[in-house]
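Here is what each chain is made of, one letter per residue.
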Amino acid sequence: MLTPITKFLGYAGLIPFILLSALVQFAEPPLDFWAANSLLLYAATIASFVGALHWGPLLNPLSNQEGHGFWRAKGAWIWGVIPSLLAWVALHLPFSSGYFLIAATLLLALLVDRKQFRHLIHDEEYLAEFLKMRTVLTMVATASLVLAGIAIRQF
C-alpha cells in the first residue's frame, strides 16, 4: 500500500500544474509570462523525475530480482534518462511546443510504467495502487500543459 505521505506529496505535486496553467490562460502580463516560464520549468523537472522512477527499484536490493531480462539489465537504465533528455529539448522550444512535448513525454512515461514496472516491483497490489495514482497525476498534468499550450498559441 502506498503511504499517506506518498499520496499527499504525489497529489500536491499537481498544484503547480493547475495554478500555473490557470495563470498562463487568465493572468495579465507580466504574470502570464512568468507563469508560462515557470510551468515549463516545473513540467521539465517532473518529466525528469518520472524517468528516474525506474532507477529507484534497480538500486533497491529488495526489488523484484526475478526478471533479469533486458529491462532490468539495460532498458530501465536507458529509459530512465530519456524523459530528462526530452524535457531538456522542450526547454529550448517555444512555450506551446515545449508544453506539448512534455505532455507527450509524460504520457509516454505512463505507458512505459504500465508495461515495464512489473519487471521492477513484485508486490502486485502496491504496483496497481501506484499505477492508479500515476495515471491520475499524468492526466491532470498533461491536461494542464495542453490547455496552457492552446492558450499561448492563441496570442
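Residues numbered from 1 in each chain as written. Predicted model: local features only at pLDDT ≥ 70, side-chain atom pairs only at ≥ 80, totals over all residues. Heavy atoms only, no water.

A. The arrangement of the overall build of the chain in detail. Helix and strand counts for the chain come out as eight helices and zero strands. Here the chain has a C-alpha radius of gyration of 17 Å; the compact-globule value for 155 residues is 15 Å, and the two agree. Considering only C-alpha atoms, the chain reaches an extent of 55 × 30 × 20 Å along its principal axes. Per-residue burial over the chain gives 43% buried out of 155 residues. Long-range pairs, those at least 24 residues apart, make up 76% of the contacts in the chain between residues at least 6 apart in sequence. Between the averaged position of the 9 positive side-chain charges in the chain and that of its 8 negative side-chain charges there is a distance of 8 Å. (Helix = DSSP H or I, 4+ residues; strand = E, 2+ residues; numbered from the N terminus. Rg over C-alpha atoms; globule rule 2.2 N^0.38 Å. Buried < 20%, exposed > 50% of the residue type's maximum accessible area, 1.4 Å probe, protein only. Contact = heavy atoms within 4.5 Å. Lys, Arg positive; Asp, Glu negative; His and termini not counted. Charge placed at Lys NZ, Arg CZ, Asp CG, Glu CD.)

B. Highlighting the nonpolar core. Of all hydrophobic cores here, the largest spans 39 residues; its most connected members are Val24, Leu39, Tyr99, Ile102 and Leu145. Those elements that provide at least two residues to this core are α2 (14-26), α3 (31-52), α5 (70-79), α6 (82-90), α7 (95-116) and α8 (124-153). Ranked by the residues each element gives to this core, the list is headed by α8, at nine residues. (Core = buried A, V, L, I, M, F, W, Y, C linked by side-chain atoms within 4.5 Å.)

C. Highlighting a nonpolar patch on the surface. Together, Trp55, Leu59, Val81 and Leu85 give the surface a local cluster of nonpolar side chains, amounting to about 380 Å² of exposed area. By secondary structure assignment, the location of Trp55 is in helix α4 (residues 55-59). Trp55 sits in the partly exposed class, given a relative accessible area of 33%. (Patch = residues over 30% accessible without salt bridge, like charges linked within 9 Å, V, L, I, M, F, W, Y side chains within 5 Å. Areas by Shrake-Rupley, 256 points an atom, 1.4 Å probe, with all protein chains shown as cover. Salt bridge = Lys/Arg side-chain N within 4 Å of Asp/Glu carboxyl O.)

D. Molecular detail of the packing of aromatic side chains. This structure, assessed with the given rule, holds five aromatic pairs. Aromatic pair Trp55 and Trp77: ring centres 4.9 Å apart, planes at 65°, arrangement edge-to-face. Note that Trp55 is positioned in helix α4 and Trp77 in helix α5, a separation of 22 residues in sequence. Their ring planes at 80° and their centres at 5.4 Å tell us that Phe117 and Phe130 sit as a pair that is edge-to-face. Of this pair, Phe117 sits in the loop between α7 and α8 while Phe130 sits in helix α8, placing them 13 residues apart in sequence. For Phe130, a relative accessible area of 11% translates into the label buried. Ring pairing ties together the aromatic residues Phe33, Phe95 and Tyr99, which thus form one cluster. (Phe/Tyr/Trp six-rings, centres within 6.5 Å; stacked < 30°, edge-to-face > 60°.)

E. Layout of the packing of α2 against α8. Where α2 meets α8, the axes come as close as 9 Å, and the angle between the chain directions of the two elements is 15°. Considering the angle they form, α2 stands roughly parallel to α8. As α2 packs across α8, the resulting crossing turns out to be left-handed. In this structure, α2 contributes Leu14, Phe17, Ile18, Ser21, Val24 and Gln25 to the contact, and α8 contributes Leu137, Val140, Ala141, Ser144, Leu145, Leu147, Ala148, Ala151 and Ile152. (Axes fitted to C-alpha atoms, helices over the stretch in contact; angles between N-to-C directions. Parallel < 35°, antiparallel > 145°, perpendicular 65-115°, else oblique. Left-handed = near helix turned anticlockwise from the far one by under 90°.)

Shape descriptors only; they carry no functional weight alone.
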